[in-house]
Each structure stands twice: as structure tokens, then as C-alpha cells.
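Structural features, examined
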Amino acid sequence: MITEHALLPVIPGQEAAFESAFAEARAIIAAMPGFRGLTLSRSLESPNVYLLLVTWERLEDHTIGFRQSADYQRWKALLHHFYDPFPTVEHFQSVL
């Protein structure tokens with residue numbers, strides 16, 4: 001299992017709109033093969049920054065299956081305009 005980690009810097013003042021759009025986008029990612037679950041958390045110290053953790057069966061489920069799908073275009077349209085700067089995404093694998 002792989003954990004995708006992304007810090008999402010949302011444009012200040014757009015937090016409520018982002019959360020509403022993410023609620024809609026969640027159904028898109030949840031329907032992808034290999035998707036196991038996700039959490040979206042909001043920073044207490046920096047309320048415009050969110051932590052997204054998504055678990056996938058395999059790295060390719062995210063990097064190929066999701067990101068190269070037609071549904072990813074809808075995900076991008078819903079969410080990507082909220083970010084400044086654009087988030088860095090990393091993938092982690094449990095070692096213990």
C-alpha cells in the first residue's frame with residue numbers, strides 16, 4: 001500500500017469554496033481502481049493549508065490510473081485553481 005502526501009496551499013479567503021469543491025471531487029477519486037481511502041485535514045497554525053493523505057494499492061493506481069484518466073480532468077477543474085503555489089505530491093511506503 002502507498003500513501004500519497006500533499007500539502008495544499010489554498011488561496012487565503014477561498015477555504016470554504018475549496019472544501020465545498022473537494023467534497024464533490026472526493027467522489028471522483030474514490031471511484032478510481034486501487035483507491036483505498038483519504039483524509040483531508042486543515043492546519044490549525046495556517047488555516048489556508050490542508051494536508052491530503054490518500055492511500056492507494058499501488059503507486060501506478062495514482063500516477064497512471066488516476067492521473068491519466070478522463071475523470072482527472074474534472075478533478076483538476078474542480079480543485080487546481082485554488083492552489084498558490086501548486087502543491088508538491090510525494091508517495092510513501094510503510095517500512096515498519
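By convention here, each chain's residues receive numbers from 1 onward along its written sequence. Per-residue local features are limited, in this predicted model, to residues with pLDDT of at least 70; the limit for side-chain atom pairs, both in listing and counting, is 80 or more; totals at the level of whole chains, interfaces and linings are taken over all residues. With hydrogens and water stripped out, all remaining heavy atoms of the structure feed into the side-chain values.

**Thoughts on the nonpolar core**
- The definition of a nonpolar core used throughout is a set of buried Ala, Val, Leu, Ile, Met, Phe, Trp, Tyr and Cys residues joined through side-chain atoms within 4.5 Å. Relative accessible area decides the class of each residue, using a 1.4 Å probe on protein chains only: under 20% of the type maximum gives buried, over 50% gives exposed, and in between gives partly exposed. With 23 residues, the main nonpolar core has F18, I29, F66, W75 and L79 as its most contacted residues.
- The set of elements that each furnish at least two residues to this core consists of β1 (2-9), α1 (15-30), β2 (35-42), β3 (49-56) and α3 (70-79).
- Helix numbering and strand numbering both begin at the N terminus, where a helix is a DSSP run of H or I of at least 4 residues and a strand a DSSP run of E of at least 2. The dominant element in this core, judged by the number of residues it contributes, is α1, at 6 residues.

**Considering the pattern of salt bridges**
- Criterion for a salt bridge: a side-chain nitrogen of Lys or Arg within 4 Å of a carboxyl oxygen of Asp or Glu. Scanning the entire structure with this criterion turns up 5 salt bridges.
- Across the pair R74 and E24 runs a salt bridge whose closest N-O atoms are separated by 2.8 Å. Remark: E24 occurs in helix α1 and R74 occurs in helix α3; sequence separation between them is 50 residues.
- Here R74 falls in the partly exposed class, since its relative accessible area comes to 42%.
- Among the residues examined, E24 registers a relative accessible area of 43% and is labelled partly exposed.
- The salt bridge partner of R58 is D61, with a shortest N-O separation of 3.1 Å.

**Some thoughts on the environment of H81**
- Within the secondary structure, H81 is located in the loop between α3 and β4 (89-93).
- The exposure class assigned to H81 is partly exposed, which follows from its relative accessible area of 49%.
- It is 28 Å that separates the C-alpha atoms of H81 and E57, two residues lying 24 residues apart in sequence.
- Any two residues whose heavy atoms approach within 4.5 Å at even a single point are treated as in contact. Here H81 is in contact with I11 and K76, once residues within four sequence places are set aside.
- As used in this structure description, the phrase polar contact means that two N or O atoms lie within 3.5 Å; if the pair is within protein, one of them must be able to donate a hydrogen and the other to accept it, and residues adjacent in sequence are counted only when both atoms belong to side chains. Reaching out from H81, the side chain makes a polar contact with the backbone oxygen of A77 at a distance of 3.4 Å.

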